[in-house]
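Fold and contact review
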Amino acid sequence: MSNRTEETTNASRDGPARIRELLGVAIPPALVALAIILLWYGITFFVLEPDRRFLLPPPHDVIQEGILDGAVLAEIMGGLYRTAMVAGLGLVIGFALGFSMALVMSQAKWIERSLYPWAVVCQTVPILALVPLLGFWFGFGLMSRVTVCVIIALFPIIINSLTGLQGADPRLHDLLTLHNAGRWTRALKLQIPAARPLIFTGLRTSAGLSVIGAIVGDFFFGRGQPGLGILLDRYSRRLRSEELLAAVIAACLLGVVAFWIFGVIGRRAVGHWDPSWADERNKDT
Amino acid sequence: MDPVIAFTEVTKSFGSIDALDPIRLTIRKGEFVSLVGPSGCGKSTVLRLGSGLIEPTTGTVSRSSDNVGYIFQEPTLMPWRTVEQNVTFLGELDGLSRREARARADEVLSLVGLQEFRNHYPLALSGGMKMRTSIARSMLLDPDLFLFDEPFGALDQISRARLNAELCALFSERRFAALFVTHSVDEAVFLASRLLVMSKRPGRLVAEFEIPYEFPRQPEIRYEPEFAVLAGQVAAALAEAS
């Protein structure tokens, strides 16, 4: 494939072809959204009796009271911001910790065997059982909330990074051995670069989980400045279905955005060489 | 001339399995030695011993130089590096300056005809181009000894014949020492100055052929009757060894 053909295919993506392509990406999920909204209306007006309609208020009420109402919107936005901060901080720390653990584990089998079960414990521990304990230890502030996110985000990062670090071609390892490369060179020049696609896969999974962790922590600590978790709890206690649904939508959006951001970063970083991260449009070239 | 590499009564066992019967083999500078044998006979083991990646169980392997180029069965490139970055990689490991590594990469890429593709990622290359990149990488440090582990096995017939001719031309020009493992009798004869046949496991060198053609060789020698006779003799020896 020469540079020239690359340019021509890029050029053909401008103009109508580009628009058609974007529509192709946007229309199918938009149709699904439309179907969901119709189903929602259907349930509200044809399934629920009028006196039970508060259980699922129609979408326009959710928009009216949950989004167009300035005070509620400000409250949800504030909650969204605080939850996003906690989730982001948790993910950063979770990544630093998880990647370091994976790197250490990839250096020797005995270290891997010693740490692996504890990584699994991270995954299987019922986080709800830990939350009160974390509250006792670290208080009900930022520290405990971030800790919940770290615990929940850690496992996918460790496992994916470790698989990636161990997955480098053994013949490339041979090549480094023939040239007397040390452990450090091996990690920097071979293992870490080779692991990048899986590291981004781990980050993308953990980003969504970290958002869930932030909401769960907030929900159960239930004190301090409200994040989305506290708001969800508060609205549900007051049977404020419209606000509750608006907060749920905000929480979903945060998770989706987190997933999407790491999708974009991953494609940018390794999409030009890793088939699993390649841009759909480049897959056939 | 002193041998570049010498195997003296080398054996190798993996656990209770004897992979090699005592091997005696020397390769001098300017010698291209092809090694054919049935699958699983220990050909790759000979290469790994020769490179120093593994140690013999008994006997010794001595090399006059540590500058060895190893070409694997597959291109084994780093997909995150461009063609040029793949080729300069061993220079980075051996502490070559960036400028020097790039200058050498320029030279070896032109030898394998990939200058135009220096900024491409392996993902965008054909199998033959990847293999050329791999050969260019091994040539960067101008090794005294090349070890080839069935490098062209995965290529189609046409690419394979072309790469045979290119490799032969490179050897004719540079006259390094080479040990070339392959399944293909035709390829082995075309490239070699000396050809060895190995028996099935435990591997033993059972036949040796001098290939009389002068270097540089033209691809057309493959169609000559003497070539066919020689290839036939090698094939017969190989059949007997299997």
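Here, every reference points to the structure presented above.
Residues numbered from 1 in each chain as written. Chains lettered and ligands numbered in written order. Predicted model: local features only at pLDDT ≥ 70, side-chain atom pairs only at ≥ 80, totals over all residues.

Turning our eyes to something else, we now look at the overall build of chain B. For chain B, the helix and strand inventory stands at seven helices and nine strands. Taken over C-alpha atoms, the radius of gyration comes to 18 Å for chain B, in line with the 18 Å a tight globule of 242 residues would show. If one aligns the C-alpha atoms of chain B with their principal axes, the spans along those axes are about 50 × 45 × 35 Å. The proportion of buried residues among the 242 residues of chain B is 43%. Contacts in chain B between residues far apart in sequence, at least 24 positions, make up 73% of those at least 6 positions apart. (Helix = DSSP H or I, 4+ residues; strand = E, 2+ residues; numbered from the N terminus. Rg over C-alpha atoms; globule rule 2.2 N^0.38 Å. Buried ≥ 20, exposed ≤ 12 C-beta atoms within 10 Å, placed from the backbone. Contact = placed C-beta atoms within 7 Å.)

With that settled, consider the interface of chain B and chain A. Frequently, the measure chosen for interface size is the accessible area that the parts lose on association. Contacts between the two partners involve 15 residues from chain B and, on the opposite side, 17 residues from chain A. Of all the elements in the fold, those that place two or more residues in the side of chain B that touches chain A are β5 (68-71) and α2 (83-93) of chain B. Grouping the amino acids of the side of chain B that touches chain A by side-chain chemistry returns twelve nonpolar, two polar and one charged. (Nonpolar A, V, L, I, M, F, W, Y, C, P; charged D, E, K, R; others polar.)

A few words now on the packing of helix α4 (residues 70-105) of chain A against helix α7 (residues 142-166) of chain A. Residue and element names in this part refer to chain A. Orientation of α4 relative to α7, taken along the N-to-C sense of each, is 40 degrees, at an axis distance of 6 Å. Taken as axis vectors, α4 and α7 run oblique relative to one another. The two elements α4 and α7 meet at a crossing, and its hand is right-handed. Of the residues in the contact of α4 with α7, the class split is 22 nonpolar, four polar and one charged. (Axes fitted to C-alpha atoms, helices over the stretch in contact; angles between N-to-C directions. Parallel < 35°, antiparallel > 145°, perpendicular 65-115°, else oblique. Left-handed = near helix turned anticlockwise from the far one by under 90°.)

Residues and elements named next belong to chain B. Counting buried positions over the six residues of strand β7 (residues 177-182) gives six, a clear majority of the element. By the alternation rule, side chains of β7 split into Ala177, Leu179 and Val181 and Ala178, Phe180 and Thr182, which are all buried. As paired strands, strand β3 (residues 32-36) and β7 are joined by five bridges and run parallel to one another. From the neighbouring strand, Leu35 faces β7, where its bridge partner is Val181. One ladder, built from five bridges, connects strand β6 (residues 145-149) with β7; its direction is parallel. Bridged to Phe148 within β7 is Phe180. Between β6 and its parallel partner β7, the chain crosses via helix α5 (residues 157-174), and the hand of that crossover is right-handed. (Pairing = 2+ DSSP bridges. Right-handed = clockwise from strand over helix to strand, strands pointing away.)

So, on to the environment of Leu80(A). Residue and element names in this part refer to chain A. Here Leu80 is to be found in helix α4. Overall, the presence of 18 C-beta atoms within 10 Å leaves Leu80 in the partly exposed class. Residues Leu80 and Leu228 lie 148 residues apart in sequence; the distance between their C-alpha atoms is 5.8 Å.

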